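Below, each chain spelled out in residue letters.
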Amino acid sequence: MDNKTRNIYLIPYVLWIVLFVIAPVLLVLYYSFFNVEGQFTFENYEKFFTPVYLKMTVSSFWYAFLITAFSLLIAYPTAYLLTRTKHKQLWLLLIILPSWINLLLKAYAFLGIFGTYGPANALLEVFGIGTQQILFTDFSFVFVSVYIFIPFMILPIFNSLEELNPSFIDAARDLGASAWTTFRRVVFPLTLDGVKSGCQAVFIPALSLFMITRLIAGNRVITLGTAIEQHFLVTQDWGMGSTIAVFLIIAMAIIMILTGNRK
Amino acid sequence: MKQLVRMFLLVFIVSFALMYVVSLLNSTQGYSGKNTLTIYNWGDYIDPDLIKQFEKESGIKVIYQTFDSNEAMMTKIAQGGTTFDVAIPSEYAISKMKEENLLLPLDHTKLPNLKYINPRFMDLSFDKKNTYSIPYFWGTVGIVYNPDMLHGKKPTSWNDLWDESLRNQILLVDGAREVIGMGLNSLHYSLNDTDEAHLQEAKRKLSTLTPNVKAIVGDEIKMLLANEEAAVGVVWSGDASEIMKENEKLDYVVPEEGSNLWFDNMVIPKTAKNLEGAHQFINFMLNPEHAAQNAEYVGYSTPNEKALEYLPEEIAGDERFYPDPEVTKKLEVYENLGKRMLSHYNELFLEFKMHKK
């Protein structure tokens, strides 16, 4: 294939990138310099560095960190066990299956499950613990978020475990390493790339979660995503909303660089 | 590649054929701009029998479309792609639509039934002289409570919500104006207060409410209250009537310090093509018998004074939804505070949400 036809085939991709990636980011940046009255200003950026938004940023990062950490904690052993099972593809399908269901539907289902008279509390009642408030707590928020994000953590880890050459493990064991040492010195470092991309796939969207902060956490958890939604839909303060989005984009870029594969 | 082109062609041909069939169907049934009327309303917010009756009386075919937020409705009207002849926005949306020239002035001579509307619901701040809008339904913001869960206690004022016995028992609706307004009202300030000191005072007062607040939620509040997830909820009266239909134990009260008075109104947006029909429809809905029938179906409060005579006593005499003038006097309509103030209200609301227990 000569260069010319190759360039023609590139057009759709370039158009796509320009229209749907570069242009929106530039627009967000552009809007962030305007206040509610439509005047050019830096006041949005000043406002971002007030305690309200800084606190919000810290809490967003904290919850995103919690969600990622718990996802990783559950996903790694799951992925490891998956590679040992007989019907890998079937199990994998079962894990991915819930992500075919709309996020909102799942969130609404949890409203029922965690409710005062829901099955979760009925179970606690059976164990003699008694009815607890589960809904609208930090616990329910992190739990539901982990539930939603976990397939995105399992998949990359599973793939990197699959690619791992088993003879490395055999070699480690032959040379007298214990199971734990083998894991720590051989398996984990070799699957680190999977862990990294899993963390990216979870941490970044978790940072801008907004729907479940209201449905599951009853607005007791406020993230930057919630603030953006409010500014765009309620106050129509697109400038401030865009400013927060700019900071989110910067934060995400930093995370990508920090966890990126240096090759 | 060839296959791709063929696929595209097929899609094109099919879509054109479908478009042709639609236009053919429309013309055989005699639909055109002149004798159809598109109504843009909230979901389930009109008695469908009234639409049928209107179609029969006027010979106009009604197309009924729904929206679920004022913002969505405004965006769609501003885009102007679809013909909407009558829309039913809330009062704050009307001030915005007026500013953006999205509304057409009404011809009052074509609306003889306007005389039945209670004068105290006319000529309000959001639309002086009712140039653009006619009230459709009205209501308040108040407290829904579950007497069983409160052991016989009955809240009557906003300040009752601060009572220690309500720890973790209150659900609030996710609206900055409603919640900040509640804070202002509880201090006997106006809902439309823009004085910074008053707003800060209201915010401080609200932050002491935090231990009692279980959650701040959206539409789910109806389901949660009906399921007795919490004992008390701050909601719009319209939602309250729906919740009470679901769970008959619950009761509703308009707090004595005053509260918000809201309206949904009939307007003719600038996208209208059938002006004659739009006026005919508005006048039809203003007919006291029709207004009464509609109020009975929807369960909201009608502004039509004459219609109250056609409503059964248990509806028209219900103090919760038709409070006596003593209470109504203290109710305030939200004024358009401007984008900057609204943004500030919202920031205070965010701070309130972030306040930890």
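Residues numbered from 1 in each chain as written. Chains lettered and ligands numbered in written order. Predicted model: local features only at pLDDT ≥ 70, side-chain atom pairs only at ≥ 80, totals over all residues.

**Student:** When you look at the overall build of chain B in this model, what are you seeing that I'm missing?
**Tutor:** A count of helices and strands for chain B gives 13 helices and ten strands. The C-alpha atoms of chain B give a radius of gyration of 23 Å, which matches the 21 Å a tight globule of 357 residues would have. Of the contacts formed within chain B by residues at least 6 apart in sequence, a portion of 76% connects residues at least 24 apart. (Helix = DSSP H or I, 4+ residues; strand = E, 2+ residues; numbered from the N terminus. Rg over C-alpha atoms; globule rule 2.2 N^0.38 Å. Contact = placed C-beta atoms within 7 Å.)

**Student:** Would you explain the pairing of strand E5 (residues 133–145) of chain B in this entry?
**Tutor:** The side chains of a regular strand alternate, residue by residue, between the two faces of the sheet. All names here are of chain B. Within E5, 13 of the 13 residues are buried, which leaves the element mostly enclosed by the surrounding structure. Across seven bridges, the pairing between E5 and strand E10 (residues 261–269) is antiparallel. Residue pairing for E10: serine 133 is matched across the bridge by valine 267. Relative to strand E8 (residues 232–236), E5 runs antiparallel, the two sharing five bridges. Directly across from valine 141, in E8, lies its bridge partner tryptophan 236. By the bridge criterion, three bridges tie E5 to strand E9 (residues 251–253) in an arrangement that is antiparallel. Within E9, the position partnered with isoleucine 143 by the bridge is valine 253. (Buried ≥ 20, exposed ≤ 12 C-beta atoms within 10 Å, placed from the backbone. Pairing = 2+ DSSP bridges.)

**Student:** Could you clarify how one ought to interpret the interface of chain A and chain B in this entry?
**Tutor:** Where interface size is quoted, it is often the accessible area lost as the parts come together. Taken residue by residue, the interface counts 24 residues in chain A and 22 residues in chain B. When contributions to the side of chain A that touches chain B are tallied by element, the ones reaching two or more residues are helix H3 (51–84), helix H11 (211–215) and helix H12 (224–233) of chain A.

**Student:** Please explain the domain arrangement of chain A as it appears in this structure.
**Tutor:** All names here are of chain A. Segmenting chain A into domains produces domain 1 (1–31) and domain 2 (45–259). Here the C-alpha centre of domain 2 lies 31 Å away from the C-alpha centre of domain 1. Of the residues lining the interface, four residues belong to domain 1; the matching set on domain 2 comes to six residues. Classifying every residue of the side of domain 1 that touches domain 2 gives four nonpolar, no polar and no charged. (Domains from an automatic or database assignment. Nonpolar A, V, L, I, M, F, W, Y, C, P; charged D, E, K, R; others polar.)

**Student:** I would appreciate a short explanation of the packing of helix H6 (residues 196–207) of chain B against helix H13 (residues 338–354) of chain B in the present structure.
**Tutor:** Each packed pair of helices is defined by two parameters, the angle between the axes and the distance between the axes. Residue and element names in this part refer to chain B. Closest axis-to-axis distance for the H6/H13 pair is 9 Å, and the angle between their directions is 20°. It follows from the interaxial angle that H6 and H13 lie roughly parallel. The two elements H6 and H13 meet at a crossing, and its hand is right-handed. Contact with H6, carried on its side by Leu199, Lys203, Leu206 and Ser207, involves Leu348, Glu351 and Phe352 of H13 and no other residues of that element. (Axes fitted to C-alpha atoms, helices over the stretch in contact; angles between N-to-C directions. Parallel < 35°, antiparallel > 145°, perpendicular 65-115°, else oblique. Left-handed = near helix turned anticlockwise from the far one by under 90°.)

**Student:** Whenever I open this one, the UniProt feature "binding site: spermidine" (unreviewed entry) in chain B confuses me. Can you help?
**Tutor:** Residues and elements named next belong to chain B. When the UniProt feature table is mapped onto this chain numbering, "binding site: spermidine" (unreviewed entry) sits at Tyr92. Tracing the backbone through its elements, the reader meets tyrosine 92 in helix H4 (residues 91–99). With sequence-adjacent residues up to four places away left out, tyrosine 92 is seen in contact with Phe126, Tyr334 and Asn336. (UniProt positions renumbered as here; feature names shortened; annotations may be inferred.)

**Student:** When you look at the UniProt feature "domain: ABC transmembrane type-1" (unreviewed entry) in chain A in this model, what are you seeing that I'm missing?
**Tutor:** Those places that UniProt annotates as "domain: ABC transmembrane type-1" (unreviewed entry) correspond, in this numbering, to residues 57–259 of chain A. Secondary structure content for residues 57–259 of chain A is 77% helix and 0% strand, and the end C-alpha separation is 20 Å.

**Student:** Sorry if this is basic, but what is going on with the UniProt feature "transmembrane region" (unreviewed entry) in chain A here?
**Tutor:** Here the UniProt feature "transmembrane region" (unreviewed entry) sits at residues 12–33, 61–83, 90–114, 134–158, 201–218 and 238–258 of chain A. Split by type, residues 90–114 of chain A is 76% helix and 0% strand. Its first and last C-alpha atoms lie 29 Å apart.

**Student:** Is there a simple way to explain the pairing of strand E6 (residues 170–173) of chain B in this structure?
**Tutor:** All names here are of chain B. Of the strand pairs in this sheet, E6 and strand E7 (residues 213–217) are connected by four bridges, and their pairing is parallel. Bridging across to E7, valine 173 finds its partner in valine 217. One ladder, built from three bridges, connects E6 with E8; its direction is parallel. Note on E8: the bridge partner recorded for leucine 172 is valine 234.

**Student:** Looking at this model, I keep getting lost on the confidence of the model for chain A. Mind explaining?
**Tutor:** The predicted structure's coordinates, where accompanied by low pLDDT, should not be read in detail. When the pLDDT values of chain A are averaged, the result is 90; 98% of them are 70 or greater. Here H12(A) stands out as the element of chain A with the lowest mean pLDDT, 86, in contrast to helix H7 (residues 138–163) of chain A, whose mean of 94 is the highest. (pLDDT = per-residue confidence, 0-100.)

**Student:** Mind showing me how you'd approach the domain arrangement of chain B here?
**Tutor:** Here chain B is described as being made up of domain 1 (1–25), domain 2 (26–137 + 263–322) and domain 3 (139–261 + 331–354). Placing the centre of domain 1 of chain B and that of domain 3 of chain B at their C-alpha centroids yields a distance of 53 Å.

**Student:** Mind showing me how you'd approach helix H9 (residues 275–286) of chain B here?
**Tutor:** Two residues of an α-helix separated by three or four positions point the same way, owing to the 3.6 residues in each turn. All names here are of chain B. An ideal rise of 1.5 Å per residue puts 16 Å on twelve residues; H9 measures up with 17 Å between its terminal C-alpha atoms. Within the span of H9, buried status applies to Gly277, Ala278, His279, Phe281, Ile282, Met285 and Leu286. Buried-residue contacts for H9 involve strand E1 (36–42), helix H2 (48–58), strand E3 (86–87), E5, E10 and helix H10 (288–298). (Expected span 1.5 Å × (residues − 1).)

**Student:** Quick question: what am I supposed to make of helix H5 (residues 176–186) of chain B here?
**Tutor:** Residue and element names in this part refer to chain B. Taken across its eleven residues, H5 has eleven buried, putting it largely inside the fold. On its buried face, H5 sits against E5, E6, H6, E8 and H13. Phi turns positive one or two residues past the end of H5, at histidine 188, with a value near 65°.

**Student:** What is the right way to read unusual backbone geometry from this model?
**Tutor:** Keep in mind that most residues, glycine aside, have a negative phi and that most peptide bonds are trans. All names here are of chain B. Non-glycine residue asparagine 101 carries a positive phi angle of around 55°. Here asparagine 101 shows up in the loop between H4 and strand E4 (103–104). In this model, histidine 151 sits at a positive phi of 50°, which is unusual for a non-glycine residue. Its place among the elements puts histidine 151 in the loop between E5 and E6.

**Student:** How do you make sense of the environment of Leu19(A) when you look at a structure like this?
**Tutor:** Residues and elements named next belong to chain A. Among the structural elements, leucine 19 can be located in helix H1 (residues 3–31). For leucine 19, a count of 10 C-beta atoms within 10 Å corresponds to the exposed category. Sequence separation of leucine 19 and glutamate 162 is 143 residues, and the distance between their C-alpha atoms is 37 Å.

**Student:** Hey, could you run me through the confidence of the model for chain B in this one?
**Tutor:** Summary statistics for chain B give a mean pLDDT of 90 and a share of 97% for residues scoring 70 or more. Scored as a complex, the prediction yields pTM 0.83 and ipTM 0.84.

**Student:** Would you take a moment to explain the packing of H3(A) against H7(A) for this structure?
**Tutor:** Residues and elements named next belong to chain A. With their axes 7 Å apart at the nearest point, H3 and H7 run at an angle of 45° to one another. By the angle between their axes, H3 is oblique relative to H7. Of the two elements, H3 crosses H7, and the hand of that crossing is right-handed. Taken together, the residues of the contact of H3 with H7 break down into 19 nonpolar, four polar and one charged.

**Student:** I tried to follow the environment of Leu73(A) on my own but got confused; where do I start?
**Tutor:** Of note, Leu73(A) is situated in helix H3. Along the sequence, Leu73(A) and Met153(A) sit 80 residues apart, while their C-alpha atoms lie 9.9 Å from each other.

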